[in-house]
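Chain and residue survey
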Amino acid sequence: MIVAMDKDSRNFGLQAHLDHLYATQPRRLALRAETPAELRLWQRELRAEIIRLLGLEGRAPLPPPDARHLCSEDRGDYVEELHSLDVGEGARLPVYLLRPKTRPPWKPIIVFHGHVPSVQYILGNYPDGQTERERLASDNNYAQALARQGYLVCAPEQRGFGERVSDQHMPGGCRHLAFSYLLEGRTLLGERLRDARQAIDWLLQSEDVAPGALGATGNSGGGTTTLWLAAIEERVSVAVPACYFCSFKASILGVFHCECNYVPGILELAEMGELAGLIAPRPLRVIAGERDLIFPIAGVREQYRTAERAWALSGAPERLSLGVHPGEHAYHHDLSHAWFRQWL
């Protein structure tokens, strides 16, 4: 006997199922506030939940900042210093401090590299001339450029890159390290944020730092750390994440990305626009490339509308900005420097 079967009955692919999950997930802590007071209550609740998801809740306190100066190199209009910072549990963090030759106090900016071989790239230190030309064309030396603008730049090397890898490291990815932390009930992003907080503790104890000011910026994976750090760390007074802010749907779910981008459970709570909303009313400029293929501009604009609601409720809509350049997945010095000059 021949039994008629509709074509959908033999569709065993899972994309429709995943799209259904995304569309029907209630987003328990989506931004529904209607007053400034409700906004502040929502921010406290979502921030606490995000700290939990990152694996940072209930952790032992970080040790007192203990940095050892390892070496210095004169770079012309600033001095590049390498420090080794204790971040607890037997781990140390290499931190590059770019100290201007102008008179202090200096305004500090913590700067994060993305998925490049090491922190050296954003410092403007490249292995060969071709790499240098290619990277400078996309403003990849943004830590160096900010130092030349007179800021005190603190550039930590993120876990999974350069000198901060495990014995199971595979070139070009954070895969094994990310999964190792997940098995411990942590996330690789959370560990990077914990390092960043320790670097901030150390940075801000200096008498050479202008009080009440702390910028944060980075591109791609550095933009990831920047946005999440500013969301949970209120000492960040001005944030400029580049080439990261976008809907999770269009970027992290829609395009192949490194495992370090995934925070289990985030979409049960909120989308990217709500994450950014935790920063309001502090100044935030989102930098995006019109032709960025891995953080598509349509997803950027969609989530930016959610963020706009948060800054409007906070009474400071002028402190939120979307800076779109015509290029692809790249930083943009002018958009970044103008925002820091205005707000830091």
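No experiment lies behind these values; they were computed from the predicted model shown. (Residues numbered from 1 in each chain as written. Predicted model: local features only at pLDDT ≥ 70, side-chain atom pairs only at ≥ 80, totals over all residues. Heavy atoms only, no water.)

**A look at helix H7 (residues 221–232)**
In this model, H7 (12 residues) spans 17 Å end to end at C-alpha, consistent with the 16 Å of a helix rising 1.5 Å per residue. Of all 12 residues in H7, 12 are buried; the element is thus mostly enclosed. Within the span of H7, buried status applies to Gly221, Gly222, Gly223, Thr224, Thr225, Thr226, Leu227, Trp228, Leu229, Ala230, Ala231 and Ile232. (Helix = DSSP H or I, 4+ residues; strand = E, 2+ residues; numbered from the N terminus. Expected span 1.5 Å × (residues − 1). Buried < 20%, exposed > 50% of the residue type's maximum accessible area, 1.4 Å probe, protein only.)

**Overview of the packing of aromatic side chains**
For the coordinates displayed, the defined rule picks out 5 aromatic pairs. Residues Tyr142 and Tyr331 carry aromatic rings whose centres are separated by 4.3 Å and whose planes lie at 25° to one another, so their mutual orientation is stacked. Placement of the pair is Tyr142 in helix H4 (residues 142–148) and Tyr331 in the loop between strand S9 (320–325) and helix H11 (333–343), with a sequence separation of 189 residues. Among the residues examined, Tyr331 registers a relative accessible area of 3% and is labelled buried. An angle of 65° between the planes, with centres 5.7 Å apart, marks the rings of Tyr244 and Phe295 as edge-to-face. Pair noted here: Tyr244 is in the loop between strand S7 (238–242) and helix H8 (266–269) and Phe295 is in the loop between strand S8 (284–289) and helix H10 (297–313), with a separation of 51 residues, a long-range link. Just as Tyr244 is buried, Phe295 falls in that class too. The cationic tip of Arg27 hangs over the ring face of Tyr22; the distance from NZ or CZ to the ring centre is 4.5 Å. (Phe/Tyr/Trp six-rings, centres within 6.5 Å; stacked < 30°, edge-to-face > 60°. Lys NZ or Arg CZ within 6 Å of the ring centre and 35° of its normal.)

**A few points about helix H5 (residues 175–183)**
Along H5, the positions that sit buried rather than exposed are Leu177, Ala178 and Tyr181. Buried residues of H5, viewed axially, fall in a sector of 100°; they line one side. Of the surrounding secondary structure, the elements contacted by the buried residues of H5 are helix H6 (188–204). Immediately downstream of H5, the backbone of Gly185 shows phi near 75°, a positive value. (Arc of directions from axis to C-beta. Contact = heavy atoms within 4.5 Å.)

**Description of the pairing of S9**
Bridge analysis of S8 against S9 gives 6 bridges, and the strand direction is parallel. Paired with Arg285 across the strands is Ser321, a residue of S9. Note that the unit made of S8, H10 and S9 has a crossover that is right-handed. (Pairing = 2+ DSSP bridges. Right-handed = clockwise from strand over helix to strand, strands pointing away.)

**Some points on the pattern of salt bridges**
Evaluated as defined, the whole model comprises 22 salt bridges. In this structure, Glu73 engages Arg75 in a salt bridge whose closest nitrogen and oxygen atoms are separated by 3.3 Å. By relative accessible area, which is 41% here, Glu73 ends up partly exposed. Look at Arg75 and you get partly exposed, because its relative accessible area is 28%. As a salt-bridge pair, Glu233 and Arg235 come within 3.0 Å of each other at their nearest N and O atoms. (Salt bridge = Lys/Arg side-chain N within 4 Å of Asp/Glu carboxyl O.)

**Notes on the packing of helix H2 (residues 36–53) against H7**
The packing of two helices is summarised by the inter-axis angle and the distance between the axes. The interhelical angle for the contact between H2 and H7, taken along N-to-C directions, is 125°, at an axis separation of 9 Å. Comparing the axis directions of H2 and H7 gives the class oblique. Along its contact with H2, which presents Arg47, Ile50 and Ile51, the element H7 presents Trp228, Ala231 and Ile232. Here the contact of H2 with H7 is composed, by residue class, of 5 nonpolar, no polar and 1 charged. (Axes fitted to C-alpha atoms, helices over the stretch in contact; angles between N-to-C directions. Parallel < 35°, antiparallel > 145°, perpendicular 65-115°, else oblique. Nonpolar A, V, L, I, M, F, W, Y, C, P; charged D, E, K, R; others polar.)

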